[in-house]
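Given next are the chains, with one letter for each unit.
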Number of protein chains: 2
Amino acid sequence: MLLRRLLPFLSGLALAPSTALADEGMWTFDNFPSTLVRERYGVAVDGAWLDRVRRGTVRLAGCTASFVSPDGLLLTNHHCVASCLAQNSTRESSLLETGFIAPDRGRELDCPVQIADVLEKLENVTAAVQEATRGLDEQAANERRRQTLTALEATCEQTSLTAGNPLKCEAVTLYGGGQFWLYQYRRYDDVRLVFAPEADIAAFGGDPDNFQFPRWCLDFSLLRAYENGRPAATPQYLTIDFDGPAPDEPVFVAGHPGSTDRQLTVAELRTLRDRILPPALLRASELRGRYSQFGKTDAAANRIVQDALFGLENGLKVERKQLDALLDDALLAAKDAAESDLRKRASRNRALAAGTGDPWTRIAMAQAEEAERWLPYEFLEGGAGFNSRLARHARTLVRAAAERPKPNGERLREFTDGFLPRLEQQLAAPLPIYPELERLTLSFSLERMREWLGPDAAVVRRLLTTETPDALAARLVDGSRLADPAVRLQLWNGGQAAIDASNDPLIVLARDLDAEARELRRWHEDEIEAVVEAAHEDIARARFAVLGTTVYPDATFTLRLNFGTVQGWVENGTPVAPFTKLDRLFERATGQPPFAVPASWRAARATLDPATPFNLSTNNDIVGGNSGSPLIDAAGRIVGLVFDGNIHSISGAYWFDAAKNRTVAVHPAIIREALRKVYRAEPLLAELGASD
Amino acid sequence: MLLRRLLPFLSGLALAPSTALADEGMWTFDNFPSTLVRERYGVAVDGAWLDRVRRGTVRLAGCTASFVSPDGLLLTNHHCVASCLAQNSTRESSLLETGFIAPDRGRELDCPVQIADVLEKLENVTAAVQEATRGLDEQAANERRRQTLTALEATCEQTSLTAGNPLKCEAVTLYGGGQFWLYQYRRYDDVRLVFAPEADIAAFGGDPDNFQFPRWCLDFSLLRAYENGRPAATPQYLTIDFDGPAPDEPVFVAGHPGSTDRQLTVAELRTLRDRILPPALLRASELRGRYSQFGKTDAAANRIVQDALFGLENGLKVERKQLDALLDDALLAAKDAAESDLRKRASRNRALAAGTGDPWTRIAMAQAEEAERWLPYEFLEGGAGFNSRLARHARTLVRAAAERPKPNGERLREFTDGFLPRLEQQLAAPLPIYPELERLTLSFSLERMREWLGPDAAVVRRLLTTETPDALAARLVDGSRLADPAVRLQLWNGGQAAIDASNDPLIVLARDLDAEARELRRWHEDEIEAVVEAAHEDIARARFAVLGTTVYPDATFTLRLNFGTVQGWVENGTPVAPFTKLDRLFERATGQPPFAVPASWRAARATLDPATPFNLSTNNDIVGGNSGSPLIDAAGRIVGLVFDGNIHSISGAYWFDAAKNRTVAVHPAIIREALRKVYRAEPLLAELGASD
């Protein structure tokens with residue numbers, strides 16, 4: 001315990017994982033530093049412990065969850081089900097506003113594009129991939145690597161199917177190409193909504209409080225995985241200790257952190273700082289203004305824009321603080337020093353140097369080349385110019401028609417067999433699409449395309465010569481029938497003939513743009529990605545050689561485990577305590593959103609214990625994608641529900657600031673208190689083992 | 001000529017004005033490098049030439065103009081009169097859309113807050129100011145300097161009044177405090193609109209084409225200065241050579257460049273890059289989204305938001321490219337090297353070093369201290385939290401009541417005697433104020449204040465606890481009577497008693513916030529500005545000692561003259577020609593804004609000479625504030641009307657890029673062609689000396 005307390009002072013700025021001085025690291029389950037944890041905290045994390053936690057932890061679309069009952073009940077965040085709530089809402093009534101409690105299991109609500117994946121197996125295929133690409137030049141290696149991984153996936157799925165235990169097999173690249181794995185998941189594609197509180201309490205404080213702490217957010221919800229139309233049997237579920245953890249108690253976070261950039265070279269970080277983040281922020285800010293002004297039109301507009309606005313504001317705050325982090329010259333200088341050190345040490349190893357050459361310079365040159373066509377690539381192939389759900393459907397359909405007839409290994413990656421069921425699920429989902437919102441986003445992105453590519457760019461001349469962005473967007477959206485899932489499935493199933501015959505204006509547009517967009521993609525894959533990936537493989541080799549293998553890879557939305565303790569931090573000289581209590585929620589409430597406590601809570605207030613812990617902070621190392629992760633104690637019980645980081649956690653994309661980077665979680669006691677006294681959800685309490 | 005052609009290759013990156021290798025420099029009229037110009041171009045710029053040009057050049061509010069007839073006719077940009085056009089518009093009809101031609105002099109339109117200033121005298125008062133502040137510490141010196149300059153202004157105005165030739169006397173700080181001057185202007189405060197084309201042709205290409213070249217903008221308009229209700233007699237007017245300049249011809253720009261930051265220290269540049277520009281850009285982008293979505297509501301909304309949106313988008317583009325410039329590490333490193341060099345050379349001069357100490361470090365420390373309270377300062381005192389014309393009026397009135405009774409030297413600077421007539425003019429002006437727009441901007445800025453200061457900031461708790469930003473803004477705007485000039489004047493004239501008695505909600509708000517805002521201002525003036533100004537005085541001394549006096553000061557919206565030649569540049573290996581012609585305008589037109597040619601031009605098209613030159617580019621060194629500047633040939637005739645720079649000119653805020661920084665001007669031939677054939681404005685053609 002003493003050691004941990006010293007850490008903030010020891011390593012105010014711990015850079016990329018040379019040695020884990022701090023409670024840093026998003027560790028893969030095959031390489032968890034159990035010895036370190038035992039030595040530091042006296043907690044034994046053995047194979048059985050790891051297996052139990054792995055099988056109780058679940059990957060959702062962009063989030064994490066955990067099984068919390070033998071009947072497939074899933075604990076996750078409210079903000080992880082916000083899209084499902086929006087999808088089950090209308091202009092007239094929003095489940096985001098009202099929350100939802102399924103009256104019984106038969107009336108749990110379909111979340112049509114949700115999935116739940118449990119990692120069953122991990123298989124290291126590095127040797128096979130390296131063997132396949134040996135001796136090839138960068139472009140050829142890139143292509144061969146892609147084909148090899150696709151083939152491995154396909155074989156794996158076929159094998160599991162034959163064995164009567166069908167798994168989703170996904171190729172995973174770790175350490176920027178230092179390792180390749182097949183991660184094999186049991187997938188549940190029938191996931192339903194069981195419970196969600198009102199957004200006013202789930203996201204109390206809204207955007208102003210987002211990434212802040214102290215905090216009072218009941219950011220939890222319950223889903224249920226179904227199998228063959230019945231609740232899935234999940235005997236491996238994790239139990240919840242509703243009393244939560246003690247201060248300084250060692251805790252673990254299992255989950256699927258989405259993406260970190262701690263292994264990027266300085267040239268790549270500069271690219272983010274100079275070329276990627278500022279324009280992205282400007283456009284997101286402007287769209288925020290559009291959304292927000294649109295939402296003020298009337299209550300219905302406000303309802304239908306809410307989910308998109310939440311997501312946008314969250315991303316905006318993340319990118320804003322990421323830019324701030326990269327603008328800190330001292331931190332960049334430290335990265336630079338670490339990189340120089342690695343380069344120097346790697347160059348002293350003759351054999352290594354002969355094999356790797358100078359991958360850092362190759363990356364820097366690729367960045368420079370990427371800059372020349374980055375904007376067309378981003379707007380045309382990246383979709384920044386056609387921000388519309390309907391337009392994205394159109395593009396998927398047009399490309400699917402061309403790709404699906406090809407042999408699996410020759411398709412664009414996202415149309416290989418492994419991805420097709422998910423694509424079809426998304427096309428078939430009867431989600432509400434609001435034309436006014438589609439027009440807004442499409443017109444906005446067309447305007448921005450004209451702004452960033454310039455009015456004389458060929459694509460701009462072609463699209464926006466006789467029509468304004470507003471007029472074009474209106475014609476495309478109003479004339480399209482792609483909001484109808486039946487129409488989409490017809491085009492999906494009809495293949496190239498159906499696409500060729502379609503006169504849906506969005507299909508026509510996607511068809512027209514496809515050749516130019518594909519050429520940009522080819523350029524980016526061959527000239528940029530191939531070079532950068534090969535260089536990162538070399539850097540990974542150098543890093544393993546110089547720093548050894550007790551390191552963790554950047555987050556890749558694959559299962560990770562990290563360790564830490566319950567603790568606050570010191571902000572401008574003032575200690576921030578690690579727990580909040582219910583009493584301050586009511587003191588902080590203003591009656592006005594985003595600080596309005598919902599009626600259900602006001603009604604129950606007198607019955608609630610004001611001393612109930614609400615949220616807590618820990619020093620675990622997390623990032624977006626960890627939302628919904630279980631916070632786990634030494635005994636493997638859930639003692640919290642991760643939903644956020646503090647503001648300092650955002651720079652965790654690039655480095656772990658041990659002094660200030662904190663995870664923020666919902667305390668299980670407030671979940672129990674709310675289910676008991678506010679929502680009176682007795683069956684759920686019983687299922688969660690929290691009945692009196 | 002040869003020399004000039006070589007310049008781009010000689011000095012791709014010319015940093016702060018050590019020696020003028022390029023055609024760089026915004027020179028004051030007392031220190032114009034006539035010898036250099038004679039040597040380089042064979043043009044004799046003597047005292048008589050300078051006097052003529054100075055007296056023909058006019059400062060407008062934020063722009064430049066020139067006298068072009070003996071009857072007070074002023075040539076400037078359309079975008080310099082956009083506010084006047086908006087002020088003379090209504091929800092139903094916009095002069096920005098229709099343009100305006102006064103049928104006769106009696107029907108020229110009042111521009112109620114426009115002024116026209118002609119610089120009559122420049123007086124160096126450096127010695128007096130330095131004498132007054134000698135030996136004082138930074139805070140005391142800052143205060144004494146302010147008082148001294150105010151007193152000098154007052155004496156100067158009194159003297160000129162007594163002499164029967166009343167002048168506006170303004171203290172001017174040059175070289176960051178290296179010199180102090182009294183600039184003395186003849187002011188015309190009755191300025192009327194004579195002619196303006198439609199915005200569709202004046203700003204053809206709109207925001208997408210802004211800061212671009214080649215270009216086709218008829219960005220010109222005509223005002224007239226009045227005196228005692230009659231057109232002013234302006235025998236010093238400049239004549240126009242409607243045939244314009246030849247390629248490579250030497251040309252001069254006289255005008256009032258607003259602000260450059262070429263003398264800032266690296267610490268100050270980093271502050272701009274890290275702390276000032278990113279948040280400013282984010283907020284401006286979001287407001288752009290708000291404005292633009294609001295404008296789509298209906299035609300009236302579009303009309304009333306247009307002027308504000310244009311201004312915002314222009315500023316946004318400038319700040320975006322400024323940030324890009326500062327993100328260029330190579331340029332920042334060059335600044336750093338230049339600064340280190342100056343520091344080293346200055347430290348070798350013992351006497352100098354003893355007198356100045358280390359002003360660079362003092363500035364860096366002041367930046368760090370400023371960061372701590374910058375946000376409250378910006379939102380409360382800087383007004384970022386209360387973006388509303390009515391709220392600004394309220395604040396002016398509340399402060400004026402407290403300040404005006406004080407002795408002149410003890411007032412806040414903007415309430416000293418010299419500024420009062422202008423303040424009163426603005427309060428008295430019957431400008432349209434649209435409540436829906438006021439609510440939008442006020443609510444937006446309150447939201448942003450909550451976002452950036454955080455929901456727990458005292459001022460946010462005070463204002464936004466029981467009301468949302470929307471509700472508060474609506475209550476303040478709808479309840480205020482300050483849109484009525486009579487009400488404003490009553491409070492202005494009624495002094496403190498009237499302010500105390502007012503229950504206008506915006507006055508109440510301004511009263512409530514005043515103490516906190518003043519305390520922030522006091523902190524900023526005493527702890528930050530005083531330190532930075534004193535340090536810059538020391539740096540200026542070092543610079544004069546080391547680099548000599550053949551240098552130019554940063555722009556300060558005072559009269560400057562620069563030289564250059566008509567020329568294009570090379571963009572990505574492709575030469576850009578310096579002239580555009582009318583024919584391409586019609587080829588480029590799409591029929592849709594912002595690329596719609598107005599009906600008047602379509603109707604006249606057959607009569608127009610397609611070979612008429614339209615816009616041109618030169619390598620003069622300009623910046624915002626130079627809009628409307630006359631482009632002048634060796635004979636002192638107007639051969640163009642500056643209205644923009646190319647995209648590379650924006651980094652001119654920090655350094656002059658001789659290879660690419662270009663000025664963009666309206667060619668006089670297209671002005672003549674338009675007045676003749678499109679607008680058939682015979683009397684104006686006659687007055688301009690352009691009759692057939």
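What counts and how
Residues numbered from 1 in each chain as written. Chains lettered and ligands numbered in written order. Predicted model: local features only at pLDDT ≥ 70, side-chain atom pairs only at ≥ 80, totals over all residues. Heavy atoms only, no water. Axes fitted to C-alpha atoms, helices over the stretch in contact; angles between N-to-C directions. Helix = DSSP H or I, 4+ residues; strand = E, 2+ residues; numbered from the N terminus. Parallel < 35°, antiparallel > 145°, perpendicular 65-115°, else oblique. Contact = heavy atoms within 4.5 Å. Nonpolar A, V, L, I, M, F, W, Y, C, P; charged D, E, K, R; others polar. Pairing = 2+ DSSP bridges. Buried < 20%, exposed > 50% of the residue type's maximum accessible area, 1.4 Å probe, protein only. Disulfide = S-S within 2.5 Å. Buried area = accessible area lost by both parts, 1.4 Å probe. Salt bridge = Lys/Arg side-chain N within 4 Å of Asp/Glu carboxyl O. Least-squares fit on C-alpha atoms with pLDDT ≥ 70 in both. Expected span 1.5 Å × (residues − 1). Bend = angle between axes of the 7 residues up to and from the residue. pLDDT = per-residue confidence, 0-100. Core = buried A, V, L, I, M, F, W, Y, C linked by side-chain atoms within 4.5 Å.

K.L.:
Could you clarify how one ought to interpret the packing of helix α7 (residues 138-162) of chain A against helix α21 (residues 505-547) of chain A in this entry?
P.N.:
When two helices pack together, their arrangement is given by the angle between their axes and by how far apart the axes lie. Residue and element names in this part refer to chain A. Put simply, α7 and α21 touch, their axes get as near as 8 Å, and they point 85° apart. On the basis of their axis angle, the class for α7 and α21 is roughly perpendicular. Mapping the contact onto sequence places Glu138, Gln139, Asn142 and Arg145 in α7 and Glu525, Asp526, Glu527, Glu529, Ala530, Val531, Glu533, Ala534 and Glu537 in α21. Tallied by class, residues from the contact of α7 with α21 come to three nonpolar, two polar and eight charged.

K.L.:
What is the right way to look at the sheet that holds strand β16 (residues 579-581) of chain A in this model?
P.N.:
Within a beta sheet, neighbouring strands are joined by backbone hydrogen bonds and run either parallel or antiparallel to one another. Residues and elements named next belong to chain A. The sheet built from seven strands is open, its strands ordered β13-β12-β18-β19-β20-β17-β16 with antiparallel pairing. Sheet topology places β13 (560-565) and β16 at the edges, where each strand pairs with a single neighbour. This sheet shows a mean twist of 35° between the axes of neighbouring strands, independent of strand direction. Bridge count between strand β12 (residues 250-255) and β13: six bridges; the pairing is antiparallel. Bridged to Phe252 within β13 is Phe563. Strand contacts of helix α2 (residues 34-41): β12 and β13, with the helix running at about 15° to β13, the strand carrying the most contacts.

K.L.:
Even after reading the chapter, I still don't get the pairing of strand β20 (residues 663-666) of chain A, so can you show me in this structure?
P.N.:
In summary, the side chains of a regular strand alternate between the two faces of the sheet. All names here are of chain A. Neither face of β20 is open: one carries Thr663 and Ala665, the other Val664 and Val666, and all of them are buried. As paired elements, strand β17 (residues 613-618) and β20 share four bridges and run antiparallel to each other. Across the sheet, Asn615 pairs through a bridge with Val666, a residue of β20. As paired strands, strand β19 (residues 638-645) and β20 are joined by four bridges and run antiparallel to one another. Across the sheet, the residue bridging to Leu641 is Val666, located in β20.

K.L.:
What am I meant to see in the state of the cysteines here?
P.N.:
Simply put, disulfide is the name for a covalent bond between the sulfur atoms of two cysteines. A complete count under the given rule lists six disulfides over all chains for this structure. Paired by a disulfide, Cys63(A) and Cys80(A) hold their sulfur atoms 2.1 Å apart. As the torsion about the S-S bond is roughly -80°, the Cys63(A)-Cys80(A) disulfide counts as left-handed. Pair noted here: Cys63(A) is in the loop between β1 (57-59) and β2 (64-67) and Cys80(A) is in the loop between β3 (73-76) and α4 (82-87), with a separation of 17 residues, a long-range link. Here the two residues Cys63(A) and Cys80(A) agree in accessibility, since each one is buried. Here Cys84(B) engages in a disulfide with Cys111(B); their sulfurs sit 2.1 Å apart. Given an S-S torsion of about -85°, the disulfide between Cys84(B) and Cys111(B) has left-handed geometry. Pair noted here: Cys84(B) is in helix α4 (residues 82-87) and Cys111(B) is in the loop between β5 (109-110) and β6 (116-124), with a separation of 27 residues, a long-range link.

K.L.:
I tried to follow the interface of chain B and chain A on my own but got confused; where do I start?
P.N.:
Size of an interface, as often reported, equals the accessible area lost when the parts are brought together. Counting residues at the interface gives 46 residues for chain B, matched by 44 residues for chain A. Both sides of the chain B and chain A interface together cover about 3800 Å² of buried area, and 49% of this is carbon and sulfur. For the pair chain B and chain A, the interface holds 14 salt bridges. Across the pair Asp456(B) and Arg588(A) runs a salt bridge, and its minimum N-O distance is 2.7 Å. Elements with a contribution of two residues or more to the side of chain B that touches chain A: α9 (206-209), α10 (266-295), α11 (299-326), α17 (435-453) and α22 (582-588) of chain B. Residue composition of the side of chain B that touches chain A, by class: 14 nonpolar, 10 polar and 22 charged.

K.L.:
Mind showing me how you'd approach the environment of Lys660(A) here?
P.N.:
Residue and element names in this part refer to chain A. As for its position among the elements, Lys660 is in the loop between β19 and β20. Residue classification places Lys660 among the partly exposed positions, given a relative accessible area of 26%. With 11 residues separating them in the primary sequence, Lys660 and Ser649 have C-alpha atoms 7.4 Å apart. Not counting residues within four places of it along the chain, the set of residues in contact with Lys660 comprises Trp569, Val570, Glu571, Asn646 and His648.

K.L.:
How do you make sense of the relation of the copies chain B and chain A when you look at a structure like this?
P.N.:
Here the two chain copies are tied together by a rotation about an axis and a shift along that axis. Here chain B sits on chain A after a turn of 180° about the axis and a move of 0.0 Å along it, with an RMSD of 0.0 Å. This pairing of chains is accounted for by a two-fold axis. The share of interface residues of chain B whose copies in chain A are also at the interface is 96%, consistent with both copies meeting through the same surface.

K.L.:
Whenever I open this one, the pattern of salt bridges confuses me. Can you help?
P.N.:
Here the idea is simple: oppositely charged side chains can pair when their charged atoms come close. Taken as a whole and assessed by the stated rule, the structure comprises 140 salt bridges over all chains. The salt bridge involving Glu447(B) is made with Arg448(B); its shortest N-O contact spans 3.2 Å. In terms of burial, Glu447(B) and Arg448(B) fall into one category: buried. The shortest N-O distance in the salt bridge between Asp514(B) and Arg518(B) comes to 2.8 Å. Taken together, the residues Asp514(B) and Arg518(B), both in helix α21 (residues 505-547) and four residues apart, mark about one turn of the helix. With relative accessibility at 11%, the residue Asp514(B) sits in the buried group. When salt bridges that share partners are traced, they join Asp207(A), Arg288(A), Lys296(A), Glu313(A), Glu286(B), Arg290(B), Glu447(B), Arg448(B), Glu451(B) and Asp470(B) into one network.

K.L.:
I'm lost on the pairing of strand β12 (residues 250-255) of chain B in this one. Help?
P.N.:
Residues and elements named next belong to chain B. Among the six residues of β12, six are classified as buried, and the element is accordingly described as predominantly covered. Neither face of β12 is left uncovered, since the one carrying Pro250, Phe252 and Ala254 and the one carrying Val251, Val253 and Gly255 both have all their residues buried. Alignment of β12 against strand β18 (residues 630-632), held across two bridges, turns out to be antiparallel. Among the inter-strand pairings, Phe252 is bridged to a residue of β18, identified as Ile632.

K.L.:
Mind showing me how you'd approach helix α14 (residues 359-381) of chain B here?
P.N.:
Because an α-helix completes one turn every 3.6 residues, residues spaced three or four positions apart along the sequence face the same direction. Here α14(B) contains 23 residues, and its C-alpha end-to-end distance of 27 Å is more than 12% below the 33 Å for a straight helix at 1.5 Å per residue. The sharpest bend along α14(B) reaches about 60° and sits at Arg373(B), with the proline Pro376(B) one to four residues further on.

K.L.:
Please clarify how unusual backbone geometry should be interpreted in this entry.
P.N.:
Only a minority of non-glycine residues have a phi that is not negative, and only a minority of peptide bonds are not trans. At the junction of Pro593(A) and Pro594(A), the peptide bond is cis and its omega measures out at 5° in the coordinates. With respect to the helices, strands and loops of the structure, Pro594(A) is situated in the loop between α22 (582-588) and α23 (599-604). Despite not being glycine, Asn572(A) has its phi angle at roughly 45°, a positive value. With respect to the element layout, Asn572(A) can be found in the loop between β14 (569-571) and β15 (574-576). Positive phi is not limited to glycine here, since Tyr175(B) has a value of about 55°. Tracing the backbone through its elements, the reader meets Tyr175(B) in the loop between β7 (168-174) and β8 (179-188).

K.L.:
Could you clarify how one ought to interpret helix α17 (residues 435-453) of chain A in this entry?
P.N.:
All names here are of chain A. With 19 residues, α17 ought to run about 27 Å at 1.5 Å a step, and its terminal C-alpha atoms sit 26 Å apart, in line with that. Most of α17 sits inside the fold, with 16 of its 19 residues counted as buried. One or two positions beyond α17, positive phi appears at Gly454, with a value near 95°.

K.L.:
Help me understand the confidence of the model for chain A in this model?
P.N.:
One rule of thumb: low pLDDT means the predicted coordinates there are not for detailed reading. All names here are of chain A. Averaged over all residues, the pLDDT of chain A equals 94, while 97% of them reach at least 70. Note on residues 1-20: pLDDT is under 50 here. Beyond four places in sequence and across chains, it has 43 contacts. Among the scores for the predicted complex, ipTM is 0.94 and pTM is 0.95.

K.L.:
Explain the sheet that holds β18(B) to me, please; I cannot follow it from the model alone.
P.N.:
All names here are of chain B. The seven strands are arranged β13-β12-β18-β19-β20-β17-β16 in an open sheet whose pairing can be described as antiparallel. Looking at which strands have only one partner, the edges of the open sheet turn out to be β13 (560-565) and β16 (579-581). Strand-to-strand, the axes of this sheet are offset by a mean angle of 35°, without reference to chain direction. Running over the sheet, helix α2 (residues 34-41) touches β12 and β13 and is turned about 15° from β13.

K.L.:
Whenever I open this one, the nonpolar core confuses me. Can you help?
P.N.:
One recurring pattern in soluble globular proteins: nonpolar side chains tend to sit buried together. Membership of the largest hydrophobic core comes to 153 residues, with the highest contact counts inside it found for Phe386(A) and Phe386(B). Each residue touching Phe386(B), except ones within four places of it in the same chain, is listed here: Phe379(B), Leu380(B), Ala391(B), Arg392(B), Leu442(B), Ser445(B), Leu446(B), Met449(B), Leu463(B), Leu509(B) and Leu513(B).

K.L.:
Just checking my understanding: could you explain the side chain of Ser89(B) for this structure?
P.N.:
With respect to the secondary-structure elements, Ser89(B) resides in the loop between α4 and α5 (95-98). When neighbours within four sequence positions are excluded, Ser89(B) is seen to be in contact with Ser94(B), Leu95(B), Leu96(B), Pro432(B) and Tyr434(B).

K.L.:
Teacher, can you tell me more about the environment of Glu447(A) here?
P.N.:
With respect to the secondary-structure elements, Glu447(A) resides in helix α17. For the pair Glu447(A) and Val460(A), spaced 13 residues apart in sequence, the C-alpha to C-alpha distance is 9.5 Å. Setting aside anything within four residues of it in sequence, one finds Glu447(A) in contact with Arg290(A), Pro469(A) and Lys296(B).

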